[in-house]
Every structure is written in C-alpha cells, then in structure tokens.
Amino acid sequence: QSFRRTDSMKNTETAKQENTKDYNLENIEPFRPRPHFEIDNRGVWWINVRTDKDGDIIEAEPQFLSDPIDIIGTGQDNDGAYYRIIKFKDKITRQQKTAALPQAEIGTVQGWQRLQNFGLVIMSGRAKRERLADYLQKEGSPTAFTITDRAGWNGEAYILAGGEAVNADGANILYNGDTSQKDGYTEKGSLKEWQEQAARYAENNSRLCLALGLSMAAPFLALLNEEGGGFHLAGDSSKGKTTAARLALSVWGDPETTKGNWDTTPLGLQNLALARNDGLLVLDEIGQSTDPRKIPQMVYSVINGVSKTQGAKDGGNRRQKTWRNLILSTGEINPESLIGDRAQWKAGNHVRLPDIQAEARFGIYDTLHGFADGAKLSEHINQATAKQRGTAGRALIRQILKDGKEAAAQAVEASRARFLDTLPPMEGQARRIARRFALLAAVLEYATPITGMRPGAGEAGVRQCFNEWLEENGTGNREDRRIIEQVIAFMDVNALSMRFSDWNVQTVNQNHAGYRKQEGSINEYWIVPVTFENEVCKGYSPRKVCEVLHNHEWLKKADNGRWQHQRKRNGIASRFYVLMGEAPPDFDE
C-alpha cells in the first residue's frame, strides 16, 4: 500500500529526523506507532493502533473513511463564518475541483449530503463518520482563503459570475456563490475573431454601441463609486433587441446561457444581480413578467443593490448583501406602458431604467454593413457570438489592471467630463441619466483596443441614443413633467364637461368635480378636495402636485399661503383647490 500521512504527521517526522543529530542516540526513545490519518489515491484512511500478542503496540488495519479529500486551507466569508477548503477529483471529468465546506456543517447530515453531492463516497458507519469529521476539522494545510458569494472586484482579482477569478495569481480567493450558469461564463474563439465577426458591426449602429457600453462599463462602477442603473430597449418583435443583448453578453461568455429574463421573483432577481456584481445583467422580454405590477419594486430593489434585512438563527440580523450592476432590459413596450399606470412608474424608476426606442433605420440598425437587411445582419451577429465569446471581458479586466485601477478610472472620468461639458444644462434626474450615457461613451473610448472599433465610434453611437432620449424627455425633472401631463389629461376630459358647474349654480350633478368661475380673461377651476386628491393627483402626493402646479403658475395659492381656498355658500364654508385655466401657461408638451 502506498499511503501518505497528513501534513501534520509529515511535519512531525521531518522535525524528528532533523533533530536526531543533536541528541545521543542512546537517549532517543524508540518509535511508537500512534493513531493518525493517511490519504492516498484511493481515499482517506484512519490508522489506529493495537497491542499484539507479544505486548507490542502496532498499527491496526486501516479503516476506509471516504474518497480522497485534500484539506488545502481554511477560509472565512463576508459574514465571518469559517470554512475548510477541500480539493477532490471529479469522478466523471477526472478534473481537480476546489470547494468550501462550511465548518459548522462538518459532522452533520447537511455536511455529509454536501460532500455526497460532490460525488464523493462517504462511509456510512457512525464511528467512521466521526473519524472523518475529526479529519475535516483538524488536518490539512492552515493556508488562509477569502470566501465570497459576490462576483466582481475582490482586491486585484475580478470574479466572473461563474466563479472564475481573473488575475487571481497568488491570491487565495474562492467564490462560493451562485454557479448555476458557470458553464456560460467561459471563453471560446479569440479576441481578434470576436472583433472581426461581432464587435465591428457596432460601428455606426447606435443601439449596439449602447449595449456594448453597458457591458464594458459595469466593472467601472466600483472604481468610480458610481450607482447602478441601466436602460430599457423597447420596440416591436424581430427588430434586433435580443441581438443587441447577445452582443453585450458575448463580452463575458455565452449569450444563450447567461441571459436573464423578467419572468422571475424579486428574490430570484436579487440573486442574479448578486452573482453579477460589478457586471452586466440582461433581462430579456419584460412582457413575460408574470406580474407587471411588481416591476417597479423589483427595479428599485435590484438597482439599489441592497438585500432585505433578515434575522439570523442565533439572534440579531444577517449582514445585508450588496451589489452594483448595469442592466440591459428589452421588451416590445416600455415598463410604464406595460404596467398600465403611469403614476406607478415613478421618476425614480425612470432614472434607474430609462427607456430607449429600439427602432432606428433598419429595425435596430442605423446601417447594415453590406447585409441585405436587418434580419441577415442579426443572424450573422447571433451566429458569431455563439462561436466567439468571453474573451473581451477578460481582456478588459487585464487592461484595467495593467493600467492600474485608479489610473483607468481617472481616464474614464476625464473622458466622461468632456462628454458632459458638451450637453445643455439639465436638472437632477435628467443629469443622472446623462451621466450614465456619458459613462458608457467614455468606457467605449477606453476600450477601443478591446472592441477594435475606431476611436470616436463608440462615443458617437452613445451620443445618438442620448440625443434621441433628450428629444423625447427634455432636460427637466421627469416627475414634474409627468404630473403636469397627468393634470392636463384630467382637464382635457373634464374641464368643459358637466362635472364642473357654473359658479352661481345652486344644484350640482352626482359626479360633481367643482366649479367653473370666470376671472378676467380666464376660467378658474375650483376643484373639490376628494376629486383633486384621488383623480388629479392619482399616484402622487397632493403636496408634491400642488408645488409643481404652483411652480408652473397653474395652481393658485390662497391669501393665507395655503393650497386650499375657502368659499362660503348659504353660511357653509367649503374648501377647493384652484387651477387658473384649462392648461398651464407656456408648457411644452
């Protein structure tokens, strides 16, 4: 038998041999066998001792405990929990695998099941499992590991969603998170082939530039301390939205297996985001969501990047998990239209996930690069990204580390500042969205050696998307604009209807909304509070609506500075909100 002792036993024997020369051989006690573990290519063994018939202590027959399990270190995760790091050979692939075994599970049913799920044979006898539990806890190397369930930057290493650590040489980092899509985050083909067969078609195609920019800008979120966010690409079916998503995903791996979708639970979406921390999250076909009403809250939670507070078994709360992503969402319609309630898709949602129309000149494309139509170009890109993938993202990380993370961040920030300097003045919400466009443009310029596109092409594509977004949404506060539009819609339907009675009419109809009063050259609309708060303000705070309408010189304040005016009729005082005219002055719809 070809046994080898565990590291602790070997170290003891080596020390004895090295120190023999320092002692008189007559004073050295004879070697006595001691109980110990040994491991060979067949498994882990327990070697006990026994007394033979002559009274000598000898080694007993080895007891087989399990398949070979090497203990290569000890690790601790973000929550402070300890692990033993094991290495074993997969029975099918014959490849060496490394895994983190929670120390708290050793000796429990959970622990044995985990090892058996790895394909390892674990003997069933109680005494043997107790011995194996001792082996797993006490033996092996003391090398320290960092355990993380979050992808993205970890020191100078970048962990992909599948668990691969780019530039982890010399760093003992082990990913212990979701590996359900591990096979998708792999390389195929070469970077040059990806440039020539896929990335080159992003030139002069603004929506492809936007998608590539989201994919490559994601690792810069942490470097620039930037918030997460994304864009929703909306347009009819078969226009090329999914092709843009596939091109973005091919930066990191296989588009088919790494693509997410909206048909998931809030918790499932958070797990996807955590596994793609500092990375791209693609959510295809928003129309497939089983409950569109949950979309606003899902967008808030995943882009805010903080998990729910949960209690711990031993008291207190678990440490909250955090992440940052850039998101590319697609669908035939935008989230606001899908939900069917404009007020539910608030300005905060729009800032986090503004929508861009997918339609350009030829479906999603501005130019066809010699192809007969958009469908032929989409087919080519889809086929190319299935064969050439995963190389660009790794090359980008290596370029960032070669330049130095701080220097790379400074270069991108300087480029973004130049982009922003060319834009018109914008208020807070529009400015936040503009900064995201500028980030994508800046990163595409930084990554020209990776994409192979000519300098300026990426920025030009992103700028075109921004200009179209700006023309659609304006430079102001989106929530204020939505409020004004909502009140205009109410007045368009009701201002001249029977719901508003003339000022001096004594009787009113059942669906009474208020009074119409001639005041100089305009009509004032005195709206009863219940109608104003439930219909005019629907989905928004009445206080917020009053402030917006007053700032646009549409809502009239009372002399006492309050929002409501008082009117006495027949000795009874009633309160009203007063709009001056059917529409606000000088509002650009």
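Our structure's up above, just so we're on the same page.
Per chain, residue numbering runs from 1 following the sequence as it is written. A pLDDT threshold of at least 70 governs which residues receive local features in this predicted model, and a stricter bar of 80 or more applies before side-chain atom pairs are shown or counted, although totals over entire chains, interfaces and linings include all residues. The basis for every side-chain value is the complete set of non-hydrogen atoms in the structure, without hydrogens or water.

Chemist: I'd like a rundown of the pairing of strand β22 (residues 522–527), residues and numbers included.
Modeler: For every residue, the accessible area obtained with a 1.4 Å probe (protein chains only) is divided by the maximum for its type, and the residue is called buried under 20%, exposed over 50%, and partly exposed between those limits. Only DSSP runs of H or I reaching four residues or more are called helices, and only runs of E reaching two or more are called strands; each is numbered from the N terminus. β22 sits mainly inside the fold: five of its six residues count as buried. When DSSP finds two or more bridges between a pair of strands, those strands are recorded as paired. Pairing between strand β21 (residues 514–519) and β22: six bridges, direction antiparallel. The residue of β22 that forms the bridge with Gln518 is Asn523. Where β21 folds back onto β22 in an antiparallel hairpin, the turn is made up of two residues, including Gly520, whose phi is positive at roughly 70°.

Chemist: Would you mind going over the pairing of strand β18 (residues 325–331) in detail, with residue names and values included?
Modeler: With seven of seven residues buried, β18 is to be regarded as a mostly interior element. Of the two faces of β18, the one carrying Asn325, Ile327, Ser329 and Gly331 and the one carrying Leu326, Leu328 and Thr330 are both buried. Note that strand β15 (residues 229–234) and β18 share six bridges and pair parallel. Pairing of Phe231 across the sheet is with Leu328, part of β18.

Chemist: Describe the environment of Lys87, listing the residues and the values that go with them.
Modeler: Looking at the element boundaries, Lys87 is found in strand β8 (residues 82–89). In sequence terms Lys87 and Val493 are 406 residues apart; their C-alpha atoms lie 71 Å from each other. In this structure Lys87 touches Pro68, Ile69, Asp70, Ile72, Gln96, Lys97 and Thr98, once residues within four positions along its chain are discounted. Whether two residues are in contact is decided by their heavy atoms: any pair within 4.5 Å suffices.

Chemist: Lay out the side chain of Gln564 with the relevant residues and their values.
Modeler: Of note, Gln564 is situated in the loop between β23 (555–556) and β24 (565–569). Pairs of N or O atoms are called polar contacts if they sit within 3.5 Å, as long as, within protein, a hydrogen donor faces a hydrogen acceptor (for residues adjacent in sequence, only side-chain-to-side-chain pairs). Engagement of the side chain of Gln564 in a polar contact is seen with the side chain of Tyr577, the distance being 2.9 Å.

Chemist: Before we move on, could you go through helix α16 (residues 428–446) and cite the residues and values that matter?
Modeler: Since the α-helix advances by 3.6 residues per turn, residues separated by three or four positions end up pointing in the same direction. Every helix has an expected span of 1.5 Å times one less than the residues it contains. Relative to the 27 Å expected for 19 residues at 1.5 Å per residue, α16 spans 27 Å between its end C-alpha atoms, a close match to the ideal helical length. Within α16, 15 of the 19 residues are buried, leaving the element largely enclosed by the surrounding structure.

Chemist: An account of the sheet that holds strand β7 (residues 70–76) is needed here, citing residue identities and associated values.
Modeler: The sheet built from five strands is open, its strands ordered β9-β8-β7-β10-β14 with mixed pairing. Pairing within the sheet leaves two strands with one partner each, and these edge strands are β9 (96–102) and β14 (173–175). When the angles between neighbouring strand axes are averaged without regard to direction, this sheet yields 35°. Examined bridge by bridge, β7 and strand β10 (residues 144–148) share three bridges and lie parallel to one another. As a rule, the C-alpha atoms of each element are fitted with a line to give its axis, helices using only the stretch in contact, and angles between N-to-C directions run from 0 to 180 degrees.

Chemist: Could you give an account of the sheet that holds strand β13 (residues 165–166), with specific residues and numbers?
Modeler: Pairing within the open sheet is antiparallel, and its three strands lie in the order β11-β12-β13. The sheet is open, and its two borders are formed by β11 (152–154) and β13, each paired with just one other strand. Inspection of the sheet shows β11 paired to strand β12 (residues 157–159) by three bridges, in the antiparallel sense. Within the sheet, the bridge partner assigned to Trp153 lies in β12 and is Tyr158.

Chemist: Quick one: what's the story with the layout of surface pockets, residue by residue and with numbers?
Modeler: Any empty space left between the atoms is revealed when a probe the size of a water molecule rolls over them. The calculated volume of the second largest pocket comes to roughly 830 Å³. A 1.4 Å probe that fits into a set of points on a 1 Å grid over the protein atoms alone but cannot get out defines a cavity; an open set with protein on both sides within 12 Å along at least five of seven lines defines a pocket, and lining residues are those with an atom within 4 Å of a point. Looking at the second largest pocket, it is lined by 28 residues, and the ones nearest its centre are Thr98, Gly162, Tyr175, Thr179 and Lys182. Those elements that place two or more of their residues in the lining of the second largest pocket are β9 and β14. Of the residues forming the lining of the second largest pocket, the biggest block, five residues, is contributed by β9. Under the convention adopted here, Pro, Cys and the residues Ala, Val, Leu, Ile, Met, Phe, Trp and Tyr are nonpolar, Asp, Glu, Lys and Arg are charged, and Gly plus all remaining residues are polar. Partitioning the lining of the second largest pocket into residue classes produces 10 nonpolar, 12 polar and six charged. Grid points are joined across faces, edges and corners, and a volume is the space filled by probe spheres set on the points.

Chemist: Describe the side chain of Gln270, with residues and values.
Modeler: Residue placement: Gln270 occurs in helix α9 (residues 266–275). Owing to a relative accessible area of 10%, Gln270 belongs among the buried residues under this scheme. Excluding residues that lie within four positions of it along the chain, Gln270 makes contacts with Ser301, Val306, Ser307, Lys308 and Trp323.

Chemist: Lay out the nonpolar core in plain terms, naming residues and giving numbers.
Modeler: For this analysis, a nonpolar core means a set of buried residues of the types Ala, Val, Leu, Ile, Met, Phe, Trp, Tyr and Cys, connected via side-chain atoms within 4.5 Å. Ranked by size, the top nonpolar core spans 78 residues in total, and within it Trp194, Met216 and Phe437 carry the most contacts. Element by element, the count of residues in this core is highest for α16, at 12 residues. When sequence neighbours within four positions are dropped, the list of residues in contact with Phe437 reads Leu210, Phe231, Ile356, Val462, Cys465, Phe466 and Trp469. Membership of the second largest hydrophobic core comes to 24 residues, among which are Phe532, Cys537, Val548 and Tyr577.

Chemist: Just give me the short version of the packing of helix α2 (residues 109–117) against helix α3 (residues 126–138), but keep the residues and values in it.
Modeler: Between α2 and α3, the shortest axis-to-axis distance is 12 Å and the interhelical angle comes to 80°. Judged by the inter-axis angle, α2 sits roughly perpendicular to α3. The residues of α3 that touch α2, namely those facing Trp112, Leu115 and Gln116, are Arg129, Leu132, Ala133 and Leu136. Taken together, the residues of the contact of α2 with α3 sort by class into five nonpolar, one polar and one charged. Any angle that falls under 35 degrees is termed roughly parallel, while one over 145 is termed roughly antiparallel, one within 65 to 115 roughly perpendicular, and all others oblique.

Remember, this is a structural readout, not a statement about activity or role.
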